[in-house]
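Summary of structural features
Now for the letters of each chain:
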Amino acid sequence: MTYGRIALFCLVLSLSGIALPYPRYQSISRSETVLGTVVRITLPETPGTKEALSGAFDLIQSLEKVFSVHQSDSELSRINRLHGGRLSPAMKDLIKRALSISQLSSGAFDPTCGALVSLYRKAEKTRRAPRESEIIKAKESVGWEKLRVEGDHLSMPAGMKLDLGGIAKGYIVDQVVRMLRVSGFSHGLVDGGGDIFCWGFNPEGYPWQVGIQNPWKASNILAILSLSDRGIATSGDYQRYLMIRGKKYGHIVDPRTGRTVQGFPTSVTVVASDCATADGLATACFVLGREQGMQLLRNLDGVEGMIIDQDGQKVTTPGWAKFLLKSVR
Ligand code: ADP
Ligand code: MG
């Protein structure tokens, strides 16, 4: 697995000469390597900030123990071994959120695609592309409509494997934000390695500014968005992919074909009122492609997005412009 650079990062632009809408404040940022990426949290400096940051990273680690597909003692791994079982409140909540994205995207986003995802991950380790028969078998185990949640109990068919990697990071970002807001922080930014939520103002007294990386040139920024109280996420094949015998495979699978999505589109960025929605929809649109992905985003209230094709074609939802501070070409 290759982890590339994060697609989104925060910028503090010099906007001197313009009247400030909010007083400047001192901030503290802390970065830690968790969730297989670098998570960065920025908060106003108060006597309680350091403790709040420690609490935030503790929460991230405890939620990683619930949702991780890589930790054999996680709740997710236990569910996959036992074909279901009792759900913690966080797991139940996230499964419901994931299934609502499956429904919206007609199954392009499917949290039951674990067998397919692990087939391609295994292929990378063994350096042998999956056989047709293996793909067919794994694909048969996929089907979000077969998941049953009754009360706190989940049941699923034997062979089915959950993988919440397409939405869990965004959800964890939201939970951290919720905790920090309850603790009294009226401004802040949580960057879960490209899945971001920001609220209030930045330390300069402006809405937060989030740069979207150029998929072809990591050091370049394609656009700068001005955001507050919004989640934003990007799915892109330039960021994470699998290499099997020198051939690049996307890390997102198309549950309808059992294949990885190859190079189309190159990058999807979604802005929504929470980060889990942005994260899940970005993954869904990656599978749906430009036309259907745009159609999905356009039909959703409070959701905006940008899809960039392999050939560099860029399409955005009509409301995207209201967040756009600067488009760089
Ligand atoms: P990133 O981790 O780069 O932010 P995404 O949010 O797009 O990327 O999630 C990719 C992950 O989602 C994959 O690594 C896998 O765990 C999972 N996944 C792959 N294909 C699908 C799919 N069709 N539906 C839901 N989840 C998927
Ligand atoms: Mg996602």
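Computed from a predicted model, the values in this text were never measured in an experiment.

Interaxial distance between helix H1 (residues 49-67) and helix H3 (residues 89-104) falls to 10 Å at its minimum, and their mutual angle equals 70 degrees. One way to sum up the angle between H1 and H3 is to call them roughly perpendicular. Along this stretch, H1 crosses H3, giving a crossing that reads as right-handed. Together, Leu 63, Val 66 and Phe 67 of H1 and Ala 90, Met 91 and Leu 94 of H3 make up the contact between the two elements. Residues of the contact of H1 with H3, tallied by class, amount to six nonpolar, no polar and no charged.

With that settled, consider the packing of aromatic side chains. Under the defined criterion, the tally for this structure stands at three aromatic pairs. Between the aromatic rings of Tyr 22 and Phe 201, the centroid separation amounts to 5.0 Å while the plane-to-plane angle is 20 degrees, which identifies the pairing as stacked. Of this pair, Tyr 22 sits in the loop between strand E2 (8-11) and strand E3 (27-34) while Phe 201 sits in the loop between strand E9 (196-199) and strand E10 (208-214), placing them 179 residues apart in sequence. Where Phe 197 meets Trp 199, the ring centres are 6.5 Å apart and the plane angle is 40 degrees; that geometry is what we call tilted. Residue Phe 197 shares its accessibility class with Trp 199, and that shared class is buried.

Here we take up the coordination of the magnesium ion (ligand 2). Protein ligation of the magnesium ion (ligand 2) involves Gly 166 (O), Asp 279 (O), Asp 279 (OD) and Thr 283 (OG1), the donor distances falling in the range 2.0 to 2.4 Å. Mapped onto the sequence, the residues coordinating the magnesium ion (ligand 2) show the spacing G-x112-D-x3-T. Taken together, the residues span a long stretch of sequence, with Gly 166 in the loop between strand E7 (153-155) and helix H6 (168-182) and Asp 279 in helix H7 (residues 275-298) at a distance of 113 residues. Here Gly 166 falls in the buried class, since its relative accessible area comes to 15%.

Let us now look at the sheet that holds strand E16 (residues 304-308). Spatial strand order, E3-E4-E8-E9-E12-E15-E16-E17: eight strands in an open sheet with antiparallel pairing. Edge positions in the open sheet fall to E3 and strand E17 (314-316), since each of these has one partner strand only. Averaged over all pairs of adjacent strands, the angle between strand axes in this sheet comes to 10 degrees, irrespective of strand direction. Note that strand E4 (residues 37-44) and strand E8 (residues 188-192) share four bridges and pair antiparallel. Bridging from a neighbouring strand, Thr 42 pairs with Leu 189 of E8. Sitting on the sheet, H6 is in contact with E4, E8 and E9, with an inclination near 25 degrees to E9. The sheet contacts of H7 involve E9, strand E12 (230-236), strand E15 (267-272), E16 and E17, and relative to E12 the element is tilted by about 55 degrees.

A few words on the nonpolar core. One broad rule of soluble globular proteins: the nonpolar side chains tend to lie buried together. In this structure, Ile 41, Ile 60, Phe 67, Met 91 and Leu 180 are the most contacted members of the largest nonpolar core, which totals 66 residues. Per-element accounting of this core gives the leading share, 13 residues, to H7. Setting aside chain neighbours within four positions, we find Ile 41 in contact with Ile 28, Ser 29, Arg 30, Leu 53, Ala 56, Phe 57, Ile 60, Val 176, Leu 180, Leu 189 and Val 190. Among the nonpolar cores identified, the runner-up in size contains 16 residues, and Val 210, Leu 225, Leu 227 and Phe 323 belong to it.

The antiparallel open sheet is built from three strands, whose spatial order is E5-E7-E6. A strand with exactly one partner marks an edge of an open sheet, and here the two such strands are strand E5 (84-86) and strand E6 (148-150). Neighbouring strand axes in the sheet, compared pairwise and without regard to direction, differ in orientation by 15 degrees on average. Where E6 meets E7, three bridges bridge the pair, whose relative direction is antiparallel. Residue pairing for E7: Val 149 is matched across the bridge by Leu 154. Each of E5 and E7 is contacted by helix H2 (residues 75-82), which is oriented at about 125 degrees to E5, the strand it contacts most.

Thresholds applied
- Residues numbered from 1 in each chain as written.
- Chains lettered and ligands numbered in written order.
- Predicted model: local features only at pLDDT ≥ 70, side-chain atom pairs only at ≥ 80, totals over all residues.
- Heavy atoms only, no water.
- Axes fitted to C-alpha atoms, helices over the stretch in contact; angles between N-to-C directions.
- Helix = DSSP H or I, 4+ residues; strand = E, 2+ residues; numbered from the N terminus.
- Parallel < 35°, antiparallel > 145°, perpendicular 65-115°, else oblique.
- Left-handed = near helix turned anticlockwise from the far one by under 90°.
- Contact = heavy atoms within 4.5 Å.
- Nonpolar A, V, L, I, M, F, W, Y, C, P; charged D, E, K, R; others polar.
- Phe/Tyr/Trp six-rings, centres within 6.5 Å; stacked < 30°, edge-to-face > 60°.
- Buried < 20%, exposed > 50% of the residue type's maximum accessible area, 1.4 Å probe, protein only.
- Donors = N, O, S within 2.8 Å, 3.2 Å for Na, K, Ca; no water.
- Pairing = 2+ DSSP bridges.
- Core = buried A, V, L, I, M, F, W, Y, C linked by side-chain atoms within 4.5 Å.

Keep in mind that these numbers describe shape and distance, not what the molecule does.
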